[in-house]
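# Inside the fold
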Amino acid sequence: MALKKTKNLDTITNKKLSIQISLSGLSFCILNINTNTFENFEYIPFNKKVNPFVALERLMHYFDTREYLQKTFNDILVIHENDLSTLVPKPLFNKDYLADYLKFNSKILKSDYINYDALDNNESVNVYVPYVNINNFIYDAFGEFTFKHFSTILIDEILKNEKNSSVNKVYVHVSEQHFEIVAVNSGKLKLYNTFEYKNAEDFIYYLLFTLEQLNYNPEHINVVLIGNISKDDSLYKMAYTYIRNISFGVSRNRLINDTESNHSNYIIAHSF
């Protein structure tokens, strides 16, 4: 099922492709550069969490069977979604010590390839472990491409939203099996963390615990929900029970309809 570069390829390179990779599913998004419109959105969930080798097999399968992926692309971005990341202030960052930054809060192997993204809006560096087998496949199939950690895009987008804000906010980005908390004080990043959850009780426990650690009063702090959550979800109903000022985020990207924002499009749509 290897991708063949000569298979039914377009000759016009006016498209950008973003691919979001997780062990629970894959997302694809294509932006038409000429018309500045999204041509394709697709999220493909897996029945259960898989390992990186199975994720690669499925990625190869979809490249071989989805016609819209059998194009040439002006740019390709691969977004790695996992919890193997940590933020390091730029003044303390040294690329010779990548493994040392990660080993205190992530389980890594000596053989893991470690990379980093610069967060210029926050004067920090995001150190993380990408899925190197997937990177190798994309490079062999297409040549040069860009890759980032999904939290880099999430944090950057939130900081852009809050650039001129003078209030404190807590953003909660929800996916199917995990969620991220991004706390912002007057436009500056105060905290980023990710949590796994199985039910609404797990969700509210970690959220309220984080608010407590930050000395935020649930009666006063503004909590903004983004990602795979709606007013009908048990997660929302649980959060609404305990948090007074809760709302849904509004995207800066005019190409997105946020009424049904979910994990299959929020981060990937802001990656261009």
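Residues numbered from 1 in each chain as written. Predicted model: local features only at pLDDT ≥ 70, side-chain atom pairs only at ≥ 80, totals over all residues. Heavy atoms only, no water.

Here we come to the overall build of the chain. The helix and strand tally for the chain stands at seven helices and 13 strands. Scaling as 2.2 N^0.38, a compact globule of 272 residues should have a C-alpha radius of gyration of about 19 Å, and the chain matches this with 19 Å. If one aligns the C-alpha atoms of the chain with their principal axes, the spans along those axes are about 60 × 45 × 35 Å. Counting only contacts in the chain whose residues sit at least 6 apart along the sequence, the fraction spanning at least 24 positions is 62%. For the chain, the accessible area works out to roughly 14200 Å², and carbon and sulfur atoms hold 47% of it. (Helix = DSSP H or I, 4+ residues; strand = E, 2+ residues; numbered from the N terminus. Rg over C-alpha atoms; globule rule 2.2 N^0.38 Å. Contact = heavy atoms within 4.5 Å. Areas by Shrake-Rupley, 256 points an atom, 1.4 Å probe, with all protein chains shown as cover.)

It is worth spelling out the sheet that holds strand 11 (residues 188–196) at this point. Strand order in this open sheet of five strands is 11-10-9-12-13, and the pairing throughout is mixed. Sheet topology places strand 11 and strand 13 (245–248) at the edges, where each strand pairs with a single neighbour. Neighbour-to-neighbour, the strand axes of this sheet turn through a mean angle of 20°, independent of strand direction. The pairing of strand 10 (residues 178–185) with strand 11 spans eight bridges and is classified as antiparallel. Each residue of the ladder has a partner; that of His178, found in strand 11, is Glu196. Sheet contacts for helix 5 (residues 200–213): strand 9 (168–174), strand 10 and strand 11; angle to strand 10, the most-contacted strand, approximately 20°. The sheet contacts of helix 6 (residues 234–242) involve strand 9, strand 12 (222–227) and strand 13, and relative to strand 13 the element is tilted by about 155°. (Pairing = 2+ DSSP bridges. Axes fitted to C-alpha atoms, helices over the stretch in contact; angles between N-to-C directions.)

For the rest of this paragraph, the subject is the packing of helix 5 against helix 6. Remark: helix 5 packs on helix 6, axes separated minimally by 9 Å, with the N-to-C direction vectors making an angle of 40°. With respect to helix 6, the axis of helix 5 lies oblique. Once helix 5 is placed against helix 6, the crossing between them reads as right-handed. On the side of helix 5, the interface is formed by Ala200, Glu201, Phe203, Ile204 and Leu208, while helix 6 contributes Ser234, Leu235, Met238, Ala239 and Tyr242. Residues of the contact of helix 5 with helix 6, tallied by class, amount to eight nonpolar, one polar and one charged. (Parallel < 35°, antiparallel > 145°, perpendicular 65-115°, else oblique. Left-handed = near helix turned anticlockwise from the far one by under 90°. Nonpolar A, V, L, I, M, F, W, Y, C, P; charged D, E, K, R; others polar.)

Turning our eyes to something else, we now look at the pairing of strand 13. As a general feature of sheets, a regular strand has side chains that alternate between the two faces. In this structure, strand 12 lies alongside strand 13, joined through four bridges in parallel fashion. For Val223, the partnering residue across the bridge sits in strand 13 and is Ile246. For the handedness criterion, the β-α-β arrangement of strand 12, helix 6 and strand 13 is classed as right-handed. (Right-handed = clockwise from strand over helix to strand, strands pointing away.)

On to the packing of aromatic side chains, then. Evaluated as defined, the whole model comprises 19 aromatic pairs. Ring geometry for Tyr236 and Tyr240: centres 5.7 Å apart, planes at 25°, overall stacked. Of this pair, Tyr236 and Tyr240 both sit in helix 6, four residues apart, which is roughly one turn of that helix. Under the relative-accessibility criterion, Tyr236 is labelled buried at 10%. Through a chain of ring-to-ring contacts, the aromatic side chains of Phe179, Phe195, Tyr197, Phe203, Tyr205, Tyr206 and Phe209 assemble into a single cluster. Residue placement shows Arg58 over the ring face of Phe46; its charged tip is 4.6 Å from the ring centre. (Phe/Tyr/Trp six-rings, centres within 6.5 Å; stacked < 30°, edge-to-face > 60°. Buried < 20%, exposed > 50% of the residue type's maximum accessible area, 1.4 Å probe, protein only. Lys NZ or Arg CZ within 6 Å of the ring centre and 35° of its normal.)

With that settled, consider the environment of Phe248. Here Phe248 shows up in strand 13. Overall, the relative accessible area of 30% leaves Phe248 in the partly exposed class. When the C-alpha positions of Phe248 and Val223 are compared, they lie 8.4 Å apart, and in sequence the two are 25 residues distant.

So, about the sheet that holds strand 7 (residues 124–128). What the three strands build is an open sheet, ordered 5-7-6; its pairing is antiparallel. Each edge of the open sheet is held by one strand with a lone partner, namely strand 5 (85–89) and strand 6 (115–119). In this sheet, neighbouring strand axes are inclined to one another by 25° on average, regardless of whether the strands run parallel or antiparallel. Direction of pairing for strand 6 relative to strand 7: antiparallel, over a ladder of five bridges.

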